[in-house]
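One-letter residues, chain by chain:
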Amino acid sequence: MTERVLVKNLAARAEGPVTVSGWVETVRDQKKVQFIVLRDESGALQLVNPAVRELVEDDPSSAAKLEITEAISGLAHGSFISVTGDLKHDERVKLGGLEVKIGELRVLSAANPETPIAADSSLDKRQDWRFLDLRNPKQNLIFKVQTTFLHALREYWIDNDFIEIHTPKLMASASESRAELFEVDYFDGKAYLAQSPQFFKQMAQSAGFGKIFEVGPAFRADPSFTSRHATEFTSVDAEISWVDSHEDVMKLHEELMVAGFAAVKAKHGEAIKDLFDVDIQVPTTPFPRIPLAEAKKIVAERGYEVPRADDDMDPEGERQIAAYVRETYGHEFVFLTDYAASIRPFYHMRHENDATLTNSYDLIFNGVEISTGAQREHRVEVLEAQMRDKGMDPVELDFYLDFFRYGAPSHGGFGMGLARVLMLMLHETSIRETSFLFRGPTRLAP
Ligand code: AMO
């Protein structure tokens, strides 16, 4: 057996014997000739077999040929096979101008004959059979894009002397709010699943790390069934020391987005256009920045009154402000800044001259929030006061307050939901499409 060749490498290869391996996408079993479309992780290829339907007395090779023909006739879609045969370049073959004439066929793992999902199956059903769903080139591309995006971010971080950290996901306390907290048995006591690496990425600042990043899981016991919420998601976090305000964090954030989008466009732009009909735009910097109060006025002028009494933006408001930004600046991103302290966590720094506002932002991409960032409060007495202000007992987070009792630099950072970025980048309608395996209130398997 010759060495396995990936489908994508066949075009550059001379005609002759090759071995290819993958799964069966389609079988066309005609009387005189059989065709298989075989797909591997790199592409799809047509295999051809001149059918031999009975033994030919004076042809000793006919027994083997008959065996291959019968194997192909009984081959279920999805079976994993390995084929050694003769590669031919033939422009008439629609699929890549290539064909392999089957010499030897090995069925490594036969699939059940009935495939449980089809192209028009519901999203829920496709989630049940996610491993089969992911065999589709479109679904597969999402994770190639994710790899390229994260690699570009990582390259940026490493080029700029960030340190990667991995913070624990088992915690003794809540990491964001007490709502949406998963509690788990922990020996004789209780532990909580981390809602965010927030406290520990700040700890790294007091530890003198300067600039850090983490890509890891975050858990939220959020019972809602929206297209953008999961109970477990991958959070992309960065935190840096010596910031003057949230402006420094936004600068970092937009540079990262440019790096990620440029890499995705360069590597997958064409494939994304083909499979998603989306033109990836590398955003220009600076991204538009609009204080939240002003954004609400703009949205009201467009005829939409944000109904929430809590000073926050609602999803329709986010869509409206994104539409305004697209029309006015031709931009897909907007930073909404200076959120009210009443709706932000205690650890956000407040404005020097107006304690009702915070040095914080949300990043909106194509009409949906993908990230929250802020300058943090690093003065321990102010932090304690802000906790009390929110009805929290500072004693409960004493370990966290300790981080600021032995010296701490000014600092800030952001957290960003990876599946949301991919959903909005590829114009998908749900993070279920862009999460490898989605977790929600009614989904724990597979
Ligand atoms: P926040 O709670 O806004 O901020 O979360 C940051 C980003 O994480 C993503 N996200 C989610 N994605 C999927 N399902 C969810 N249930 C979910 N919840 C949040 C969103 C969101 O914008 N510690 C702060 C960040 C910081 O200030 O550094 C935090 O967690 O994309």
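Just so you know, these numbers come straight off a predicted model, no measurement behind them.

### Notes on the sheet that holds strand S7 (residues 170-171)
Taken in spatial order, the 3 strands make up an open sheet running S7-S9-S8, and their pairing is antiparallel. On the outer flanks of this sheet lie S7 and strand S8 (183-186), each paired with one strand and no other. As paired elements, S7 and strand S9 (residues 189-193) share 2 bridges and run antiparallel to each other. Paired with Leu-170 across the two strands is Leu-193, which belongs to S9.

### Quick look at the environment of Arg-135
You can see Arg-135 is positioned in the loop between helix H3 (130-133) and helix H4 (137-159). Along the primary structure Arg-135 and Gly-78 are separated by 57 residues, whereas in three dimensions their C-alpha atoms are 9.1 Å apart.

### Digging into the pairing of strand S14 (residues 360-365)
Within S14, 6 of the 6 residues are buried, which leaves it mostly tucked inside the rest of the structure. Residues Ser-360, Asp-362 and Ile-364 point to one face of S14 and Tyr-361, Leu-363 and Phe-365 to the other, with burial holding for every one of them. Relative to S14, strand S13 (residues 333-337) is paired through 5 bridges, and the arrangement is antiparallel. Residue pairing across strands places Phe-335 opposite Leu-363, the latter belonging to S14.

### Structural notes on the packing of helix H7 (residues 292-301) against helix H8 (residues 315-329)
Interaxial distance between H7 and H8 falls to 9 Å at its minimum, and their mutual angle equals 85°. When the axes of H7 and H8 are compared, the pair comes out roughly perpendicular. Across the interface between the two elements, Ala-295, Ile-298 and Val-299 of H7 pack against Gly-317, Gln-320, Ile-321 and Tyr-324 of H8. Split into classes, the residues belonging to the contact of H7 with H8 amount to 5 nonpolar, 2 polar and no charged.

Basis of the calculations
- Residues numbered from 1 in each chain as written.
- Predicted model: local features only at pLDDT ≥ 70, side-chain atom pairs only at ≥ 80, totals over all residues.
- Heavy atoms only, no water.
- Pairing = 2+ DSSP bridges.
- Helix = DSSP H or I, 4+ residues; strand = E, 2+ residues; numbered from the N terminus.
- Buried < 20%, exposed > 50% of the residue type's maximum accessible area, 1.4 Å probe, protein only.
- Axes fitted to C-alpha atoms, helices over the stretch in contact; angles between N-to-C directions.
- Parallel < 35°, antiparallel > 145°, perpendicular 65-115°, else oblique.
- Contact = heavy atoms within 4.5 Å.
- Nonpolar A, V, L, I, M, F, W, Y, C, P; charged D, E, K, R; others polar.

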